[in-house]
Amino acid sequence: MRLFTAVTLGDTLTAEAERGIERLRAHAPEAKWVKPEGVHLTLLFLGDVDPSCVSLLHDALEPVGPRHAPFVLSVEGGGTFGAPTHPSVLWADVRGALSALKALQADVALALAPLGFASEHREYTAHLTLARSKRPHGDPALAACARILGQESWGQGLVDRLVLFESAGGHYTSRLEILLGAR
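Computed from a prediction, not measured in an experiment: that's the story for all the values here. (Residues numbered from 1 in each chain as written. Predicted model: local features only at pLDDT ≥ 70, side-chain atom pairs only at ≥ 80, totals over all residues. Heavy atoms only, no water.)

*Asks:* Is there a simple way to think about the pattern of salt bridges in this case?
*Replies:* Opposite charge on two side chains permits them to pair, given that their charged atoms come into close proximity. Applying the stated criterion across every chain yields a total of 14 salt bridges. For R25, the salt bridge is made with E22, and the minimal N-O distance between the two is 3.0 Å. A residue pair is termed a helical-turn pair when its members lie 3 or 4 positions apart in one helix, as R25 and E22 do in helix α1 (residues 10–25) at three residues. You can call R25 partly exposed: its relative accessible area is 27%. Among the residues examined, E22 registers a relative accessible area of 43% and is labelled partly exposed. (Salt bridge = Lys/Arg side-chain N within 4 Å of Asp/Glu carboxyl O. Helix = DSSP H or I, 4+ residues; strand = E, 2+ residues; numbered from the N terminus. Buried < 20%, exposed > 50% of the residue type's maximum accessible area, 1.4 Å probe, protein only.)

As C-alpha coordinates, this is what we get:
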(Lines give C-alpha, C1' and ligand atoms only; values in the text may rest on other atoms or scores of the structure.)
Protein backbone atom coordinates (compact mmCIF):
# COMPACT_ATOMS: atom_id res chain seq x y z
CA MET A 1 0.00 0.00 0.00
CA ARG A 2 1.25 3.48 -0.86
CA LEU A 3 0.33 5.63 2.14
CA PHE A 4 0.54 9.21 3.38
CA THR A 5 -0.89 11.29 6.21
CA ALA A 6 -2.79 14.46 5.37
CA VAL A 7 -5.50 16.91 6.30
CA THR A 8 -8.44 17.90 4.14
CA LEU A 9 -9.91 21.40 3.97
CA GLY A 10 -13.62 20.88 4.47
CA ASP A 11 -16.44 20.64 1.96
CA THR A 12 -16.81 24.36 1.18
CA LEU A 13 -13.15 25.02 0.43
CA THR A 14 -12.81 21.73 -1.46
CA ALA A 15 -15.77 22.72 -3.67
CA GLU A 16 -14.22 26.13 -4.34
CA ALA A 17 -10.90 24.46 -5.17
CA GLU A 18 -12.75 22.23 -7.62
CA ARG A 19 -14.20 25.28 -9.38
CA GLY A 20 -10.81 27.01 -9.37
CA ILE A 21 -9.04 23.99 -10.83
CA GLU A 22 -11.62 23.75 -13.61
CA ARG A 23 -11.13 27.46 -14.46
CA LEU A 24 -7.35 27.07 -14.52
CA ARG A 25 -7.38 23.79 -16.44
CA ALA A 26 -8.63 25.63 -19.52
CA HIS A 27 -5.38 27.66 -19.55
CA ALA A 28 -3.07 24.62 -19.30
CA PRO A 29 -4.94 21.68 -20.84
CA GLU A 30 -1.80 19.60 -21.34
CA ALA A 31 -0.84 19.62 -17.65
CA LYS A 32 -1.66 16.75 -15.30
CA TRP A 33 -4.22 18.23 -12.89
CA VAL A 34 -5.06 16.86 -9.45
CA LYS A 35 -8.50 15.41 -9.01
CA PRO A 36 -10.46 18.06 -7.09
CA GLU A 37 -11.91 15.50 -4.70
CA GLY A 38 -8.35 14.58 -3.78
CA VAL A 39 -7.33 18.08 -2.65
CA HIS A 40 -5.39 17.71 0.60
CA LEU A 41 -2.31 18.89 2.47
CA THR A 42 0.19 16.07 2.86
CA LEU A 43 1.73 16.00 6.33
CA LEU A 44 4.03 13.00 5.97
CA PHE A 45 4.54 10.73 2.97
CA LEU A 46 5.06 7.14 4.11
CA GLY A 47 5.58 5.40 0.77
CA ASP A 48 5.01 1.71 0.24
CA VAL A 49 3.86 0.11 3.48
CA ASP A 50 2.96 -3.50 4.17
CA PRO A 51 -0.80 -3.78 4.86
CA SER A 52 -0.04 -5.54 8.12
CA CYS A 53 1.45 -2.27 9.45
CA VAL A 54 -1.82 -0.31 9.27
CA SER A 55 -2.77 -1.30 12.82
CA LEU A 56 0.63 -0.04 14.05
CA LEU A 57 0.04 3.25 12.21
CA HIS A 58 -3.41 3.49 13.81
CA ASP A 59 -1.95 2.96 17.28
CA ALA A 60 0.76 5.58 16.68
CA LEU A 61 -1.56 8.20 15.17
CA GLU A 62 -4.67 7.80 17.35
CA PRO A 63 -3.27 9.83 20.30
CA VAL A 64 -2.23 12.70 17.98
CA GLY A 65 -5.72 13.95 17.10
CA PRO A 66 -6.96 14.76 20.61
CA ARG A 67 -3.81 16.84 21.27
CA HIS A 68 -4.72 19.34 18.51
CA ALA A 69 -7.78 21.57 18.29
CA PRO A 70 -9.47 22.02 14.90
CA PHE A 71 -8.21 25.08 13.01
CA VAL A 72 -9.02 27.19 9.96
CA LEU A 73 -6.90 27.52 6.84
CA SER A 74 -7.51 29.56 3.70
CA VAL A 75 -6.28 29.32 0.13
CA GLU A 76 -5.26 32.48 -1.69
CA GLY A 77 -2.80 33.08 -4.51
CA GLY A 78 -0.16 30.61 -5.48
CA GLY A 79 2.96 30.02 -7.51
CA THR A 80 5.11 27.49 -9.28
CA PHE A 81 8.11 25.27 -8.74
CA GLY A 82 10.75 24.96 -11.43
CA ALA A 83 11.99 27.40 -14.03
CA PRO A 84 9.93 30.64 -13.95
CA THR A 85 9.15 30.50 -17.68
CA HIS A 86 8.67 26.71 -17.84
CA PRO A 87 7.51 25.58 -14.38
CA SER A 88 7.02 21.96 -13.50
CA VAL A 89 4.42 22.37 -10.71
CA LEU A 90 1.55 24.80 -10.03
CA TRP A 91 0.52 25.26 -6.40
CA ALA A 92 -1.98 27.28 -4.37
CA ASP A 93 -0.84 29.12 -1.25
CA VAL A 94 -2.20 28.03 2.11
CA ARG A 95 -2.68 30.67 4.81
CA GLY A 96 -4.36 30.99 8.18
CA ALA A 97 -3.49 28.92 11.25
CA LEU A 98 -0.15 27.73 9.85
CA SER A 99 1.38 27.36 13.31
CA ALA A 100 -1.38 24.88 14.20
CA LEU A 101 -0.82 23.01 10.93
CA LYS A 102 2.95 22.86 11.48
CA ALA A 103 2.45 21.66 15.07
CA LEU A 104 0.16 18.88 13.83
CA GLN A 105 2.66 17.89 11.13
CA ALA A 106 5.53 17.82 13.63
CA ASP A 107 3.48 15.69 16.03
CA VAL A 108 2.61 13.23 13.23
CA ALA A 109 6.29 13.00 12.26
CA LEU A 110 7.29 12.43 15.89
CA ALA A 111 4.63 9.74 16.38
CA LEU A 112 5.69 7.85 13.25
CA ALA A 113 9.47 8.16 13.66
CA PRO A 114 9.72 5.06 15.91
CA LEU A 115 8.10 3.08 13.08
CA GLY A 116 10.86 4.16 10.69
CA PHE A 117 9.06 6.96 8.84
CA ALA A 118 11.00 10.19 8.43
CA SER A 119 9.98 13.59 7.08
CA GLU A 120 11.16 14.33 3.54
CA HIS A 121 11.86 17.98 4.35
CA ARG A 122 13.62 19.69 7.19
CA GLU A 123 10.90 22.34 7.52
CA TYR A 124 7.28 21.75 6.59
CA THR A 125 5.87 24.21 4.02
CA ALA A 126 2.15 24.07 3.32
CA HIS A 127 0.88 24.33 -0.25
CA LEU A 128 -1.78 22.66 -2.39
CA THR A 129 -0.34 21.03 -5.48
CA LEU A 130 -2.77 21.71 -8.34
CA ALA A 131 -0.99 20.56 -11.50
CA ARG A 132 2.24 19.07 -12.83
CA SER A 133 3.77 19.48 -16.24
CA LYS A 134 3.70 16.42 -18.46
CA ARG A 135 6.64 17.88 -20.37
CA PRO A 136 10.10 17.04 -19.02
CA HIS A 137 11.26 20.69 -19.28
CA GLY A 138 8.16 22.32 -17.78
CA ASP A 139 5.08 23.98 -19.19
CA PRO A 140 4.85 27.75 -19.82
CA ALA A 141 1.07 27.50 -19.50
CA LEU A 142 1.52 26.79 -15.79
CA ALA A 143 3.25 30.17 -15.42
CA ALA A 144 0.17 31.81 -16.94
CA CYS A 145 -2.02 29.88 -14.49
CA ALA A 146 0.10 31.14 -11.58
CA ARG A 147 -0.51 34.74 -12.68
CA ILE A 148 -4.28 34.08 -12.73
CA LEU A 149 -4.13 32.24 -9.40
CA GLY A 150 -2.30 35.20 -7.86
CA GLN A 151 -5.55 37.18 -8.09
CA GLU A 152 -7.80 34.49 -6.61
CA SER A 153 -9.00 33.63 -3.12
CA TRP A 154 -10.77 30.32 -2.59
CA GLY A 155 -11.98 31.03 0.93
CA GLN A 156 -11.57 29.22 4.23
CA GLY A 157 -11.95 25.67 5.44
CA LEU A 158 -12.00 23.92 8.78
CA VAL A 159 -9.32 21.31 9.37
CA ASP A 160 -10.92 18.93 11.83
CA ARG A 161 -9.32 15.56 11.14
CA LEU A 162 -6.08 13.76 10.42
CA VAL A 163 -6.35 11.24 7.57
CA LEU A 164 -4.23 8.27 6.55
CA PHE A 165 -4.70 7.96 2.80
CA GLU A 166 -3.84 5.19 0.40
CA SER A 167 -2.81 6.33 -3.07
CA ALA A 168 -3.50 3.95 -5.95
CA GLY A 169 -3.65 4.94 -9.59
CA GLY A 170 -4.20 8.62 -8.84
CA HIS A 171 -7.11 7.88 -6.49
CA TYR A 172 -6.98 8.48 -2.75
CA THR A 173 -8.81 6.26 -0.31
CA SER A 174 -9.11 7.11 3.37
CA ARG A 175 -7.80 4.22 5.49
CA LEU A 176 -8.02 6.00 8.85
CA GLU A 177 -9.56 9.27 10.07
CA ILE A 178 -8.81 10.75 13.47
CA LEU A 179 -10.82 13.74 14.67
CA LEU A 180 -8.91 16.67 16.09
CA GLY A 181 -9.71 17.98 19.56
CA ALA A 182 -10.23 16.49 22.98
CA ARG A 183 -13.27 14.31 23.37
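*Asks:* How should the sheet that holds strand β6 (residues 127–132) be read in this particular structure?
*Replies:* Across a sheet, paired strands are connected by hydrogen bonds in the backbone, their directions being either parallel or antiparallel. Spatially, five strands are ordered β2-β6-β5-β4-β7 in an open sheet, and the strand pairing comes out antiparallel. A single partner strand is all that each edge strand has here, and the edge strands are β2 (32–33) and β7 (153–159). Where strand β5 (residues 87–96) and β6 come together, five bridges link them in antiparallel fashion. Pairing of V89 across the sheet is with R132, part of β6. Of the strands in this sheet, β2, β4 (71–82), β5, β6 and β7 touch α1, which is tilted by about 150° from β7. (Pairing = 2+ DSSP bridges. Contact = heavy atoms within 4.5 Å. Axes fitted to C-alpha atoms, helices over the stretch in contact; angles between N-to-C directions.)

*Asks:* What am I meant to see in the packing of helix α2 (residues 54–61) against helix α3 (residues 98–112) here?
*Replies:* Angle between the axes and distance between the axes: these two values describe a pair of packed helices. It is at 9 Å that the axes of α2 and α3 come closest, and there the two elements cross at 130°. It follows from the interaxial angle that α2 and α3 lie oblique. The element α2 and its partner α3 pack so that their crossing is right-handed. The segment α2 lies against α3, with L57, A60 and L61 engaging V108, A111 and L112. Counted by class, the contact of α2 with α3 contains six nonpolar, no polar and no charged residues. (Parallel < 35°, antiparallel > 145°, perpendicular 65-115°, else oblique. Left-handed = near helix turned anticlockwise from the far one by under 90°. Nonpolar A, V, L, I, M, F, W, Y, C, P; charged D, E, K, R; others polar.)

*Asks:* When you look at the nonpolar core in this model, what are you seeing that I'm missing?
*Replies:* Taken as a class, soluble globular proteins show a tendency for nonpolar side chains to be buried jointly. Counting 50 residues, the largest nonpolar core has W33, L90, L130 and W154 as its most contacted members. Once you skip the residues sitting within four places of it in the chain, L90 turns out to touch L24, W33, G79, T80, L128, T129, L130, A131, L142, C145, A146 and L149. (Core = buried A, V, L, I, M, F, W, Y, C linked by side-chain atoms within 4.5 Å.)

*Asks:* Quick question: what am I supposed to make of a positive patch on the surface here?
*Replies:* A cluster of basic side chains, namely K32, K35, R132 and K134, defines a positive patch on the protein surface. Along the polypeptide, K35 turns up in the loop between β2 and β3 (41–48). (Patch = residues over 30% accessible without salt bridge, like charges linked within 9 Å, V, L, I, M, F, W, Y side chains within 5 Å. Areas by Shrake-Rupley, 256 points an atom, 1.4 Å probe, with all protein chains shown as cover. Lys, Arg positive; Asp, Glu negative; His and termini not counted. Charge placed at Lys NZ, Arg CZ, Asp CG, Glu CD.)

*Asks:* Help me understand the sheet that holds strand β1 (residues 2–7) in this model?
*Replies:* Strand order across the open sheet formed by four strands is β3-β1-β8-β9, with antiparallel pairing between neighbours. A strand with exactly one partner marks an edge of an open sheet, and here the two such strands are β3 and β9 (171–179). Across the sheet, the axes of successive neighbouring strands diverge by a mean angle of 20°, strand direction being ignored. Alignment of strand β8 (residues 161–168) against β9, held across eight bridges, turns out to be antiparallel. Across the sheet, the residue bridging to E166 is T173, located in β9. This element, α3, spans β1, β3 and β8 of the sheet and lies at about 20° to β3.

Distances and angles like these do not, on their own, reveal function.
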